[in-house]
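Residues per chain, in single letters:
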Amino acid sequence: MSDVVCSAKGCRADAVWVLAWNNPKIHTPERRKTWLACEEHREHLSQFLGVRGFLKDVVSLREWQSAEK
């Protein structure tokens, strides 16, 4: 198991997706918080954030890590 696990409650699966989000009521527009998701929980977590208008981007963990370097 990798050291990055899914953010879904109770899930310990390896994360493969990064969900970048912010809450416009408390964060500046450029601020990005992140949740990590496994394949199984990507859609559920995306919908949770999306229905609230928080979801900004979904990218693979590999792509996210490459962009940070």
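Okay, so let's go over this structure. (Residues numbered from 1 in each chain as written. Predicted model: local features only at pLDDT ≥ 70, side-chain atom pairs only at ≥ 80, totals over all residues. Heavy atoms only, no water.)

A word on the packing of aromatic side chains. Tallied over the full model, the rule gives three aromatic pairs. On the basis of an interplanar angle of 20 degrees and a centroid distance of 6.0 Å, the ring pair of Trp21 and Phe54 is categorised as stacked. One end of the pair, Trp21, is in strand 1 (residues 17–21); the other, Phe54, is in the loop between helix 1 (42–51) and strand 3 (55–60), with 33 residues separating them in the sequence. Comparing Trp21 with Phe54, the two get one shared label, buried. Ring pairs connect the aromatic residues Trp21, Trp35, Phe48 and Phe54, which therefore count as one cluster. The ring of Trp17 is capped by Arg42, whose NZ or CZ atom sits 3.9 Å from the centre of that ring. If you follow Arg52 out to its NZ or CZ, it ends over the ring of Phe48, 3.6 Å from the centre. (Phe/Tyr/Trp six-rings, centres within 6.5 Å; stacked < 30°, edge-to-face > 60°. Helix = DSSP H or I, 4+ residues; strand = E, 2+ residues; numbered from the N terminus. Buried < 20%, exposed > 50% of the residue type's maximum accessible area, 1.4 Å probe, protein only. Lys NZ or Arg CZ within 6 Å of the ring centre and 35° of its normal.)

To continue, consider the environment of Ala13. Positionally, Ala13 belongs in the segment before strand 1. For Ala13, a relative accessible area of 29% puts it in the partly exposed group. For the pair Ala13 and Glu39, spaced 26 residues apart in the sequence, the C-alpha separation amounts to 8.9 Å. Residues within four places of Ala13 in sequence aside, it is in contact with Val4, Val5, Cys6 and Cys38. (Contact = heavy atoms within 4.5 Å.)

Counting buried positions over the five residues of strand 1 gives five, a clear majority of the element. Because side chains alternate across strand 1, one face comprises the buried residues Trp17, Leu19 and Trp21, and the other comprises Val18 and Ala20, equally buried. Here five bridges tie strand 1 to strand 2 (residues 33–37), and the two strands are oriented antiparallel to one another. Bridging from a neighbouring strand, Ala20 pairs with Thr34 of strand 2. Of the strand pairs in this sheet, strand 1 and strand 3 are connected by five bridges, and their pairing is antiparallel. Paired with Trp17 across the bridge in strand 3 is Ser60. (Pairing = 2+ DSSP bridges.)

Turning our eyes to something else, we now look at the nonpolar core. Membership of the largest hydrophobic core is limited to 11 residues, which are Cys6, Ala8, Cys11, Trp17, Leu19, Trp21, Ala37, Cys38, Leu45, Leu49 and Phe54. Of all the elements in the fold, those that place two or more residues in this core are strand 1 and helix 1. Among the elements that line this core, the one with the most residues is strand 1, at three residues. When near neighbours in sequence (up to four residues on either side) are disregarded, Cys6 contacts Cys11, Ala13, Ala15, Leu36, Ala37, Cys38, His41 and Leu45. Judged by nonpolar contacts, the second largest core, of five residues, contains Ala15, Val18, Leu36 and Leu61. (Core = buried A, V, L, I, M, F, W, Y, C linked by side-chain atoms within 4.5 Å.)

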